[in-house]
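Close look at the chain arrangement
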Amino acid sequence: MEPEIAAAGSVGCIETPRGRLPLAAVSVTADVWGPSAKVIVRQTFVNAFDQPVEASYIFALPDRAAVQKCTATLGERVIEALLFERGEARKKYADAVEAGHRATLVEEDRPGCFTSTVGNLQPGEHAIIALSYSVELPITDGEVTFRFPLVLAPRFTPGVPLPGPSVGAGTASDTSASPDASRVSPPVLVGGASGVQLSLSVRVHHAGVTPESLRTPLHTVTTLTEPRATVVQLAPGERMDRDFILRYRLFGGAGRSQLFLARDGVGEEGTWQLCFLPPAPAAPRPLDLVFLLDRSGSMEGWKLETARAALSKMLGTLRPEDRFALFAFDNALTSPLPSTLSAASAANCGLATTFLAQLTAQGGTELARALEKAASMSWSGPERDKVVVLITDGQVTNEDELVRITTKLQGVRLCAVGIDQAVNDGLLRRLAELTGGSVELVESAARLTEAMERVAQTARPPVLADVSVSGEGLELMPGQTAPPRAQSAYQSDTLVLRGRFRGPASGSVIVSGRRTDGSIHREAIEGVGAESDALAALWARASLRALEDRYAAGLGSKNELRKELVSTSLRFGVLCRFTAFCAVDRDSKVASSEHRVLQPVEPPRGWAEAATPGRYSGGRQAAAGRAMKTQAGILKGKFAFMSPEQIRGLPLDPRSEVFVLGSILWEALSGERLFSGDSDFTILEAIRTAKVPDVMPPGIPPAFEGVLRRALAKDPAHRYANGGELADALEVLRVDCPPAPS
């Protein structure tokens, strides 16, 4: 039985008479204690085919999740997966599948981006992968935020496509800027729900601290009150197209700094965790501020409107002694002011406000260019505070490149504002932590005022900079504090630091930090014993993240950093990018699978149509969109006039229309279709690879070759920016196009 493959951004979405593959259900169960949570995620895969399959699912978890345990239910057996160095895990999985054993593999490809794979899943069988993780929860002004990402949004991939096969099965091509983009780009459904059965429950344990004012801004829930906990459950029928967010305020235990000490189960070492609330702030200093606003296609709709409003509010907080610059970025940078820091005068702020009001969403997310511009600014000396405010959804695949650029922001804090209902907060937190900055997430316009008040606070100088800790009666292990860089403490923000200690779980830490007036604040915090094994896992995850960022930024020997990453991951049993969980059922042999299926994901809710696959704008594309959409997730019709990025499910912009116009021009001149095949799928595959013949057909005049090759470039960055540029290029040729043969 051959599967039916959906087109136009949904290659890999499979329908059979017996159901959709491969993911049938996702269950999330969380237990929250204070500033941390333990979560179990269960993914159920079902094989509705008449042949064995290998099923894969690219999915999101919180970027700070310390994944500690993985079990696999294969057939009638429950197997605990083991953590190996990633190459070794992949070999064990491949050998097992080839030998006819059922097996699973779980890998991390980015902060917050993972892949589950089930091999040799037999017809009619199901498999369950269960992941257990611990995660730190941010606390601001006594309010805790629990966030669980339910969809991995499409991401922009810059750079030049690499030759050869892709390293992953996703829809994006691997590029010079993102060599593994194909591993973080699942196919996207066009219209309709995924059919995945979703359940989610969060139990907030009171433990002397009572949660109040619970709110879930993006989902419908039911709330149950137990003697020692409050349980929040997702209503039936909710879709996997946006993050689940739960916020609540703490009463009875918040408002003071705390130090927790937990001994390891064996040995003489343990983990400490400091939750530090800074003292009252001093008077602010003059500020140099660079705004970077994402205006790319994925920001269209409420996101760009919210971003413009956010920036306007920030401009209103500037004082006469402050200076600022404003850059909007897509494939290029634009600014209403000179490319230098300008006085925050009424006239300059007015120019910036007018500029913001005229912005529209377009193009790709060339965030690297924007960060390079910020790093090259002529920043002032130590008498002024220096801040970059980045407003974006963060939907890019070249995270490691951005980490390398961010390390150039010496003495400059980056405050990120993530605007989306499926934001790439993993990237934003990495960039902020590298600079001692902060992150605020805005999931709807209703949260804008609240979030921008926080941004206005964190854009101003921190209450304490260069925060460090030392032990008093407690032996802190040197070089083990995470994050390793000196951090900043902001007004009403809880700063969380972790590290390792040796000896008894008793004593204090001395917290030191520099005030804005140069004076030093010192405060002693007494430790209390804790039995939570989550502390060690959370420390390991934070330490691994810092090592991964050093690896990405090229700060040290990559070989030595890789060894330390693998060693730390295996010692503490926490998954990282250089390790993987593998489970093998060796007690039975089954038929091997040759058919591979990659689970499609829903387009994120809140994305404008132009920012999601399946949007056709103008002329032939608009007509094609109306004609081809027949049912949820399935598109039928003629596919010859589409662009490669449509096939991959990427955001579209005017360059996609340029590609279509190039295809039409090719047919008009030569009388032949450029992309053809014996089935819809072969046509889609031809467009996806965008292979243009080396030799032009006889009907195409030689003068047109350069124009056609540019219009039909696989990479949108190499095409004309829009139809107007293409028309100008054709006008220059001054050649009458011969009519296409009838």
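Keep in mind it's a predicted model, so treat the numbers as computed, not measured.

1. Some remarks on the packing of aromatic side chains
Per the stated rule, a full pass over the model turns up 7 aromatic pairs. Relative to Phe244, the ring of Phe146 has its centre 6.4 Å away and its plane inclined at 70 degrees; by these criteria the two rings are edge-to-face. One end of the pair, Phe146, is in strand β14 (residues 143–148); the other, Phe244, is in strand β19 (residues 244–251), with 98 residues separating them in the sequence. For Phe244, a relative accessible area of 0% gives the class buried.

2. Observations concerning the sheet that holds strand β32 (residues 495–502)
Two modes of strand pairing occur in sheets, parallel and antiparallel, and in both the strands are linked by backbone hydrogen bonds. The strand order β30-β32-β21-β20-β34-β33-β29-β31 describes an open sheet built from 8 strands, whose pairing is mixed. Two strands bound the open sheet, and with one partner strand each, they are β30 (475–476) and β31 (487–489). One ladder, built from 8 bridges, connects strand β21 (residues 269–276) with β32; its direction is antiparallel. Each bridged residue has a counterpart across the sheet, and for Trp272 the counterpart in β32 is Gly499.

3. Some words on the pattern of salt bridges
Per the counting criterion, the structure on display carries 58 salt bridges. Arg242 is the partner of Glu238 in a salt bridge, and the nearest nitrogen-oxygen pair spans 2.5 Å. Taken as a pair, Glu238 and Arg242 share a single burial class, namely buried. The residue Arg709 makes a salt bridge to Glu705 at a minimum N-O spacing of 2.9 Å. Here the residue Arg709 and the residue Glu705 both occupy positions in helix α14 (residues 705–711), the gap between them amounting to 4 residues, near one helical turn. The structure contains a network of salt bridges with shared partners spanning Arg77, Arg102, Glu125, Asp585 and Asp587.

4. Digging into unusual backbone geometry
A negative phi holds for most residues other than glycine; trans holds for most peptide bonds. For the peptide bond that leads from Ala482 to Pro483, omega is -5 degrees, which places it in the cis range. As for its placement among the helices and strands, Pro483 is situated in the loop between β30 and β31. One non-glycine residue with positive phi stands out, namely Asn120, at about 60 degrees. Among the structural elements, Asn120 can be located in strand β11 (residues 113–121). At Asp466, a position not held by glycine, the phi torsion is positive, near 55 degrees. Along the chain, the position of Asp466 falls in strand β29 (residues 464–472).

5. Regarding the sheet that holds strand β8 (residues 77–80)
The mixed open sheet is built from 8 strands, whose spatial order is β8-β7-β12-β5-β4-β15-β18-β17. In this open sheet, the two strands that pair with only one neighbour each are β8 and β17 (221–226). The average undirected angle you get between the axes of adjacent strands in this sheet is 15 degrees. Of the strand pairs in this sheet, strand β5 (residues 36–46) and strand β12 (residues 126–136) are connected by 11 bridges, and their pairing is antiparallel.

6. Topic: the environment of Trp539
In this fold, Trp539 is placed in helix α8 (residues 534–553). Using a relative accessible area of 3% as the deciding quantity, one classes Trp539 as buried. Spatially, the C-alpha atom of Trp539 lies 9.5 Å from that of Phe572, the residues being 33 residues apart in sequence. Look past the residues within four positions of Trp539 in its chain and what remains in contact with it is Thr271, Gln480, Ala482, Arg498, Gly499, Arg500 and Phe572.

Cut-offs applied
- Residues numbered from 1 in each chain as written.
- Predicted model: local features only at pLDDT ≥ 70, side-chain atom pairs only at ≥ 80, totals over all residues.
- Heavy atoms only, no water.
- Phe/Tyr/Trp six-rings, centres within 6.5 Å; stacked < 30°, edge-to-face > 60°.
- Helix = DSSP H or I, 4+ residues; strand = E, 2+ residues; numbered from the N terminus.
- Buried < 20%, exposed > 50% of the residue type's maximum accessible area, 1.4 Å probe, protein only.
- Pairing = 2+ DSSP bridges.
- Salt bridge = Lys/Arg side-chain N within 4 Å of Asp/Glu carboxyl O.
- Axes fitted to C-alpha atoms, helices over the stretch in contact; angles between N-to-C directions.
- Contact = heavy atoms within 4.5 Å.

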